[in-house]
Structures are given as structure tokens and as C-alpha cells.
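Observations on the model geometry
What follows is the residue order along each chain.
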Amino acid sequence: MSTISREEVAHLARLARLEVTDDELDAFAGQLDVILESMKTLGEVDTEGVEPTSHAVPLVNVFREDQHQPSLPREDVLAGAPDTAEDRFRVPRILDEEA
Amino acid sequence: MTGHRAIDQTAVHMAEAIRTGRATSYEITEAHLDRIDAVDGEIKAFLHVDREGALATAAEVDAAIARGEELGPLAGVPIAIKDVVVTKGMPTTAASKILEGWIPPYDATIVERIKTARMPILGKTNMDEFAMGSSTEYSAFGKTLNPWDTGRIPGGSGGGSAAAVAAKMAPLAIGTDTGGSIRQPGAVTGTFGGKPTYGSNSRYGLIAFSSSLDTPGPVSRNALDAALLHEVISGHDPRDSTSIDAPVPQVATAARHGASGDLSGVRLGVVKEFAEGADAAESGVVDAYQSGVDRLVKLGAEIVEVSCPSFKYALPTYYLIAPSEASSNLARYDGVRYGLRSGDDGQRGLEEVMSLTREAGFGPEVKRRIILGTYALSAGYVDAFYGQAQKVRTLIKRDFEAAFDQVDALVSPTTPFIAFKFGERTGDPYQMYLADLYTIPSNLYGGPGVSVPVGLSEGMPVGLQVMGPVLGDDIAYRVAAALESTQETPLADTAPEIGK
């Protein structure tokens, strides 16, 4: 019995905005199954009462003074964009999309 | 073999020659650029070479020295930078098609510091796409070859930086280490690789893979060269909220201390669990490593066996945490602000263009990890996978802390096997992941780890890893330099000559 099905992989790919091919689905489903199988060993560890670690070195919130700082020039930022219009990023249409 | 060419010297010697007028930065930098021209057609360590920029910096250094200016300890010594670190005005791709042609509008903090240190930047080195891999086979722009045997991998993800240094195309390079990407390439190419304490080197301007683990650090042919580079790039950076505001460990002093060959009073731990289990190291690797441990004992070190029972869970813990963070970090590649956009025909909507862009722009390992991370973070699984992994991470950290109550540093082989052949592990991703079995624990913990060449197995280099406590980078450098002092000829100088 596999841990993850081809359909689940397709669903996850959709959530992650990846238009994967059928061949990729076949390959990923098998490979992810092997990986997830090895991860099941984590379930055997008793972590009752153990605090999770989210960062290697614990630091609390880091703040700076609320002062103006220069930002990157607009033209420098837009220079790397795939498409621009009127000093802005141009994006494909976002309205009238079928769900 | 070692010789008298400019490129055969250590970075320390190059810097001294430049400072004292016995050589110019220009001729040393040019010698490396010529070396790149001569051998990189075969090795393919570089994705981009900046001859003009490097020579211009070199000429400025020479002029400054002629004016009598006091410059830093590595001024004029050229360096290569892994292509996951952004460089203003110089292409930066993370070896991904999704960033092909992108020119960053700013410098990473560590690049700013390299420029302040007046080090000519030779170019950008190849890597596994977004630093995900152990062989550079996942670069979108072709693999890098191991200078010791061009049928074998140079390690990864930083195989380009390691191969460039091993083949003497650069005396120094920058790598980044999330699960072993500096140390494992160092081990398999006979070079030195140092992963500093997490948070001691700024991540600002590193293209993010796994933000709680990513650590930039030095690649070199010996401990002292790496230590000097470590000191150039280290230190607090207000632009990185996880940057530690503490004094930089005195790693160059520690490396010089270690080179004296005295380790009396130093207690070194050997992790019992590393030697157990089906995934333990190849016998040739164990033999080379053991010979290194024996030499450390002769220098006065005491060996203590320590138990770190949670280390056996480090690999699955890492492969839940890192892909989870990656799936979130890589959401930024949406075809809007930079990089590739695919399928925008004026008819398709944003989400479809986004999906087509990411499908066209990402390679297989990146997709696999995004899907894995999305799974580990999805409703119904997040507690059992990501949450549980974070708790086990705490247990691994406690194992380290308990070990460092007994010993000053831990030693192990850097990676379980010598450089494998191309294609050997791409079919089964889990077999590739095993390359990082011994390096991953210190990423999860946050402490430093360095890989130093220790010997050969089947004619290929083997690395010994020294792991220290958080902000104990100095002890790792001291032990590594002491081990080097037991080798008459540095292993890096015994690599087969290429480009003949």
C-alpha cells in the first residue's frame, strides 16, 4: 500500500502551481512514496512535551528604528521583470477567471 | 602536483606576495582567468566569468598598494562565488532556467564584504538548481566534473565552487550549506569546506532555499585560507533578522594555533550511532577517516565515544523541514517580478501562466521538493510531518548540547562515500540524499562544521568533518588545521593535473 497516490501528487502539484506532465506524475509518485516511507520512522519518536525548533539559533523579534531608508530605484527593479507597462509589472489577466 | 605557478600558492601566500610587492594582484588574477580558459571547458565549474571586472578590481588593488594604503588580509586575492548568491550587475541564476538572464540590482551582504575586502570576483560557479542536490547533476546548465576523475560528481550542491578550487581556477570560493552543500563537495574534491555557525554569516542576498538552515561559508585548499575568508564575510547584519549579534570567533588565530600540531587537552567525540545502521560509510572512507583520528590522537587529542540517539532521525527530519521551507520560499517564482514567464499569450489567465512558467522553469529535483514540502505542510499532515520534524529537531539539538558537555568537538567522516559516478544516484532520490547523512545534523542544530581532506579511498579524496558547538567555529578550525599539519603534502596538491 503506497503512502501517496498519483492523484494526490497531481493535487499537490496544482496547489503548488506546477503544470506537471503525466510522465512526471508517474515518476514523482513512486519516488515520493520511497521518501515518505523513510520519513515514517519519525512517527516512532516520542516527542510528548517536546517544544518544536523552528530556527537553529533562537532569536526573538528583531526590530529596527522606523526610519526612512533608500529603496532600490524603480527602473532597476523593473529591469528584471518579464513584462512591464507604465512603470509597473504587467501581469496576465486576473479577473474573469474560471474557478 | 604542486608547482611554482601563481595558482599553486595558498591564498595566504598570494595575499602576502601582493602586499609586499613580490607579485601583483593583476598577474595573480590573470593567472587564474587563464587557468579557467585552459581547463574549464572540461570541468565546467563556472556559469559566468567576469574577466574585465576581476582585472579592474585587481588593478585598483595594485594601485592602492603602490600608494601605500593598508589593505585587508585577503586584498587582491581572487575569488569565485556560488551562483546562488546575488551579485549586482552580474548574472545570477541559482542554476535554474527560471532565473536565466536575470541581473540582480543589488549585492548580497557577503558580496559587499568581499568587495570591501578588495577581492577580485572571477565569476559565478555551477551548482545543483536552487542548491538542491549532492552532485551538480541537477544544474539546469549542465553538470560540473570532478577534477580528480571526470567521470565522477564533484559533490553538490556547491560542486562548481569545490571543483574550481580543486582545479586551481580559484584559490577561494563562496559556498552555501543547507544540509552539507559546502562540506560534501569539499570532501569529494579534496578541498576544505567550512559551514559556519548558522546566523553568523548574513543570508541577505542568498537566494533562499531553506531559511532556517541556509548558511554561506568558505571553500579553499586549507584551513587558514578558509578562516581568513570566514572572517571577511562574517559578522552581524541588520538586514538579516536571523543574524547573530555576537563577536566573530577568531578562526584564523585558531587555525594558526592548530597548525602548530598540538591538540593536548582537546577532547574529541565520536558519535556511536554514525557507525551503526545499514547506511554506514564505505569501508575505504572509514579507513581514511580512522587514520585521521589516529593522527589527531598522536597530536594529543583524547577520543571519547558519545551517544546521540536522535541523529538517526536527522535525514527524515531534514527532508521534511527543508522542502517545506523551500516550497514556501520558491513561491516567489511566479513569472511576475523577475525571471522567466512562459505561456503568456494574452489569452491565458495569471494562474495558468504561473503554472506553465513554473513547469518550464523548474527542474525535476526542485519540483519533487516543492511537492514534498507542499504535502508536509498541507492540512491533515502538518502535525504528523512538519510539526513532528520540528520536535525531533529539538531532540537532535539536545543530543549535540549533551555531547558538548563532554567534548570540545565531534569528528566523523564528512560523507559516507567517495565521489560517485554520474547517473549513479539520480534514479533514486533517496540514495542521493544519503550523501548528507553526516552533515545534516549540524545544520539542524546550527553549529559549525568543517570538512578537511584526510586521505584517499580508491584514489579519490575523503574528508574528515569536525563539528563544533554554536559559535565554536574556532575549535573546528583548530582541529582541522592540526590534521593538516600531519600531512607532508596537502592533499589538494596531489590531485591529478588536468588540462595537459
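Residues numbered from 1 in each chain as written. Chains lettered and ligands numbered in written order. Predicted model: local features only at pLDDT ≥ 70, side-chain atom pairs only at ≥ 80, totals over all residues.

**A look at the overall build of chain A**
This is how the line gets drawn: Working definition: helices are DSSP H or I runs of at least four residues, strands are E runs of at least two. Numbering for both runs from the N terminus. We compute the radius of gyration from the C-alpha atoms alone; for a globule the expected value is 2.2 Å times N to the 0.38, where N is the number of residues. Neighbour density around each residue's C-beta defines its exposure: 20 or more other C-beta atoms within 10 Å make it buried, 12 or fewer make it exposed, and counts between make it partly exposed, where C-beta atoms are placed from the backbone.
In terms of regular secondary structure, chain A is built from three helices and two strands. Written out in order from the N terminus, the α and β elements of chain A read α-α-α-β-β. A compact globule built from 99 residues should have a C-alpha radius of gyration of about 13 Å, whereas chain A, at 23 Å, is more than 25% larger. For chain A, with 99 residues in total, the buried portion stands at 19%.

**Some points on the sheet that holds strand E11 (residues 460–467) of chain B**
All names here are of chain B. Operational definition: Whether two strands pair comes down to DSSP finding at least two bridges between them. Comment: axis = line fitted to C-alpha atoms, over the contacting stretch for helices; angle = value between 0 and 180 degrees taken between N-to-C directions. Placing a C-beta atom from the backbone of each residue, one calls two residues in contact when those atoms lie within 7 Å.
Pairing in this open sheet of 11 strands is mixed, and the strands run E1-E3-E2-E4-E6-E5-E10-E11-E9-E7-E8 from one edge to the other. The open sheet has two free edges, formed respectively by strand E1 (46–49) and strand E8 (302–306), since each of these has just one partner strand. Averaged over all pairs of adjacent strands, the angle between their axes in this sheet comes to 30 degrees, without regard to strand direction. Of the strand pairs in this sheet, strand E2 (residues 79–82) and strand E3 (residues 121–125) are connected by four bridges, and their pairing is parallel. Residue pairing for E3: Ile81 is matched across the bridge by Lys124. Along the sheet face, helix H16 (residues 473–484) touches strand E7 (267–271), strand E9 (409–413), strand E10 (449–457) and E11 and points at about 20 degrees away from the line of E10.

**Regarding the interface of chain B and chain A**
For the record, the criterion: Each residue is assigned to one class: nonpolar for Ala, Val, Leu, Ile, Met, Phe, Trp, Tyr, Cys and Pro, charged for Asp, Glu, Lys and Arg, and polar for all the others, Gly among them.
Taken together, the contacts link 58 residues of chain B with 47 residues of chain A. Secondary-structure elements contributing two or more residues to the side of chain B that touches chain A are helix H10 (314–329), helix H11 (350–361), helix H12 (364–377), helix H13 (383–406) and helix H14 (429–433) of chain B. Ranked by residue count, the leading element in the side of chain B that touches chain A is H13 of chain B, at 12 residues. A class-by-class count of the residues in the side of chain B that touches chain A yields 31 nonpolar, 15 polar and 12 charged.

**Overview of the packing of helix H7 (residues 223–233) of chain B against helix H8 (residues 251–259) of chain B**
Residue and element names in this part refer to chain B. The test is simple: Any angle that falls under 35 degrees is termed roughly parallel, while one over 145 is termed roughly antiparallel, one within 65 to 115 roughly perpendicular, and all others oblique. For a crossing to be left-handed, the near helix must be turned anticlockwise from the far one by less than a right angle; the clockwise case is right-handed.
Closest axis-to-axis distance for the H7/H8 pair is 8 Å, and the angle between their directions is 165 degrees. When the axes of H7 and H8 are compared, the pair comes out roughly antiparallel. Along this stretch, H7 crosses H8, giving a crossing that reads as left-handed. Contact residues: Ala223, Leu224, Ala227, Leu228, His230 and Glu231 in H7; Val251, Ala252, Ala255, Arg256, Gly258 and Ala259 in H8.

**What about the environment of Ala409 of chain B?**
Residues and elements named next belong to chain B. Along the chain, the position of Ala409 falls in strand E9. Since 26 C-beta atoms lie within 10 Å of it, Ala409 is described here as buried. In the structure, Ala409 is positioned 143 residues away from Val266 in sequence and 8.3 Å away in space, judged by C-alpha atoms. Residue contacts for Ala409: discarding those within four places in its chain leaves Leu268, Val466, Met467, Gly468, Ile475, Ala476 and Val479.

**A word on helix H1 (residues 6–15) of chain A**
All names here are of chain A. We count it as follows: Comment: arc refers to directions from the helix axis out to C-beta atoms.
All of the buried residues in H1 are Val9, Leu12 and Ala13. The buried residues of H1 occupy one face: seen down the axis, they fall within an arc of 100 degrees. Arg17 sits one or two positions beyond H1 and adopts a positive phi of about 55 degrees.

**Considerations on the pairing of E11 of chain B**
All names here are of chain B. Where burial is concerned, most of E11 is hidden: eight out of the eight residues are buried. When E9 meets E11, the two strands line up antiparallel, connected through four bridges. Bridging from a neighbouring strand, Pro413 pairs with Leu464 of E11. As paired elements, E10 and E11 share eight bridges and run antiparallel to each other. Its bridge partner lying in E11, Ser451 is registered against Gln465. Connecting E10 to the next strand, E11, in antiparallel fashion are two residues, including Glu458 with a positive phi near 55 degrees.

**Points about unusual backbone geometry**
Excluding glycine, most residues fall at negative phi; most peptide bonds, likewise, are trans. Residues and elements named next belong to chain B. For the peptide bond that leads from Gly156 to Ser157, omega is 10 degrees, which places it in the cis range. Locating Ser157 in the fold gives a position in the loop between E3 and helix H5 (159–166). If you check the backbone angles, Lys44 has positive phi at about 60 degrees while not being a glycine. Mapped onto the fold, Lys44 is located in the loop between helix H2 (25–43) and E1. Phi at Ala94 takes a positive value of approximately 55 degrees, unusual for a residue other than glycine.

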